[in-house]
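# Structure assessment
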Amino acid sequence: VTSAFPGGGWARSSGTSMAAPHVAGLAALLRQALPLAPVEQLVGLIQATARPLAEDVPNNDTGWGLIDAYAAGLRVTAHGELAGRVLRPDGAGIAHAQLTATPHGVGPGPIATTADASGAFTVALRPGLYDVTGQAFGFAPAHIVGVHIAEGQRRPLTLTLTALPAGSVFGRVADHATAAPLSATVTVDAAPVQAQTDPITG
């Protein structure tokens, strides 16, 4: 976590001492919007809008995830929703596709969200016009310009991505000195793919 540090400047560190001030700041923003809200409601808003950092939520390492002040604030102010799915050309969902909504005119910067394992997504947005981009590894991005978000309404949207040409890489992992096969995990830079070698053949 990057945060202000005693004595001036910034520092990066782990632990609740670094994370708690950010959460407290978000709680203060929500309290400003909802002065009479009970603590339990504020906690629920923060948890519901946090971005998970692990498969199991909550957990002992990352809790409910990364807090999202923008998403939490929208829950208590005027907003609409953009909801839909990111699909392959055959209609199957694309797991964990990335969505970016860029507002027209003056306003916050691009708002990003991630689809779930079925390709479905829901994101709260301020009313207005947005350019929406969907992208995923192995697919060409899709763009839709001028998506209108109205207050209190859910705007359905489907993005269909075209698969890019693909091939396969195969081979063997072995000890450099002895040529003995190794049990190893093979990863690809900038790609969410990996393979485990056969420990007998490499």
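Structure report, in brief. (Residues numbered from 1 in each chain as written. Predicted model: local features only at pLDDT ≥ 70, side-chain atom pairs only at ≥ 80, totals over all residues. Heavy atoms only, no water.)

All right, on to the overall build of the protein chain then. When helices and strands are counted, the protein chain shows 3 helices and 13 strands. Taken against the 2.2 N^0.38 rule, which gives 17 Å for 202 residues, the C-alpha radius of gyration of the protein chain at 22 Å runs more than 25% over that of a compact globule. Projected onto the principal axes, the alpha-carbon positions of the protein chain cover approximately 70 × 50 × 30 Å. Of all 202 residues assigned to the protein chain, the portion counted as buried reaches 26%. (Helix = DSSP H or I, 4+ residues; strand = E, 2+ residues; numbered from the N terminus. Rg over C-alpha atoms; globule rule 2.2 N^0.38 Å. Buried < 20%, exposed > 50% of the residue type's maximum accessible area, 1.4 Å probe, protein only.)

Outside of glycine, negative phi angles account for most residues, and trans bonds account for most peptide bonds. Between Val57 and Pro58 the backbone carries a cis peptide bond, its omega angle lying at -5°. Note that Pro58 resides in the loop between helix 2 (39–49) and helix 3 (69–75). Phi at His96 takes a positive value of approximately 60°, unusual for a residue other than glycine. Relative to the elements of secondary structure, His96 occurs in the loop between strand 3 (80–87) and strand 4 (98–103). Phi is positive for Ala179, which is not a glycine, with a value near 65°. Along the chain, Ala179 falls in the loop between strand 11 (162–163) and strand 12 (185–187). Overall, Ala179 belongs to the partly exposed group, its relative accessible area being 46%.

With the rule as written, the count across this model stands at 2 salt bridges. With a shortest N-O distance of 3.0 Å, Arg51 and Asp68 are connected by a salt bridge. Taken as a pair, Arg51 in the loop between helix 2 and helix 3 and Asp68 in the loop between helix 2 and helix 3 lie far apart in primary sequence, 17 residues in all. Residue Arg51 is classed as partly exposed on the basis of its relative accessible area of 41%. By relative accessible area, which is 13% here, Asp68 ends up buried. The salt bridge partner of Arg154 is Glu81, with a shortest N-O separation of 2.7 Å. Within this pair, whereas Arg154 is found in strand 10 (residues 154–160), its partner Glu81 is found in strand 3, the two being separated by 73 residues in sequence. Residue Glu81 is classed as partly exposed on the basis of its relative accessible area, which comes to 22%. (Salt bridge = Lys/Arg side-chain N within 4 Å of Asp/Glu carboxyl O.)

Reading across from one edge, 6-3-10 is the order of the 3 strands in this open sheet, with mixed pairing throughout. Bordering the open sheet on either side are strand 6 (120–125) and strand 10, each of which pairs with just one other strand. Strand after strand, the sheet turns through a mean of 20° between neighbouring axes, direction not considered. Sheet topology places strand 3 next to strand 6; 6 bridges connect them, and they run antiparallel. Bridged to Arg85 within strand 6 is Ala120. (Pairing = 2+ DSSP bridges. Axes fitted to C-alpha atoms, helices over the stretch in contact; angles between N-to-C directions.)

On the surface, a nonpolar cluster with roughly 260 Å² of combined accessible area is contributed by Phe137, Val188 and Val193. Along the chain, the position of Val188 falls in the loop between strand 12 and strand 13 (194–196). By relative accessible area, which is 45% here, Val188 ends up partly exposed. (Patch = residues over 30% accessible without salt bridge, like charges linked within 9 Å, V, L, I, M, F, W, Y side chains within 5 Å. Areas by Shrake-Rupley, 256 points an atom, 1.4 Å probe, with all protein chains shown as cover.)

Time to look at the packing of helix 1 (residues 16–33) against helix 2. Two elements in contact, helix 1 and helix 2, have axes separated by 10 Å at closest approach and are oriented at 120°. Remark: the crossing between helix 1 and helix 2 carries right-handed chirality. Every residue of helix 2 that contacts helix 1 at Val23, Leu26, Ala27, Leu30 and Arg31 is listed here: Val39, Leu42, Leu45 and Ile46. Of the residues in the contact of helix 1 with helix 2, the class split is 8 nonpolar, no polar and 1 charged. (Left-handed = near helix turned anticlockwise from the far one by under 90°. Contact = heavy atoms within 4.5 Å. Nonpolar A, V, L, I, M, F, W, Y, C, P; charged D, E, K, R; others polar.)

Taken in spatial order, the 4 strands of this open sheet run 5-4-7-9, and their pairing is antiparallel. The open sheet is flanked by strand 5 (111–114) and strand 9 (142–149), the only strands paired with a single partner. For this sheet the average axis-to-axis angle between neighbouring strands, irrespective of direction, equals 25°. Taken together, the 4 bridges between strand 4 and strand 5 define a ladder with antiparallel strand orientation. Among the inter-strand pairings, Thr100 is bridged to a residue of strand 5, identified as Ala112.

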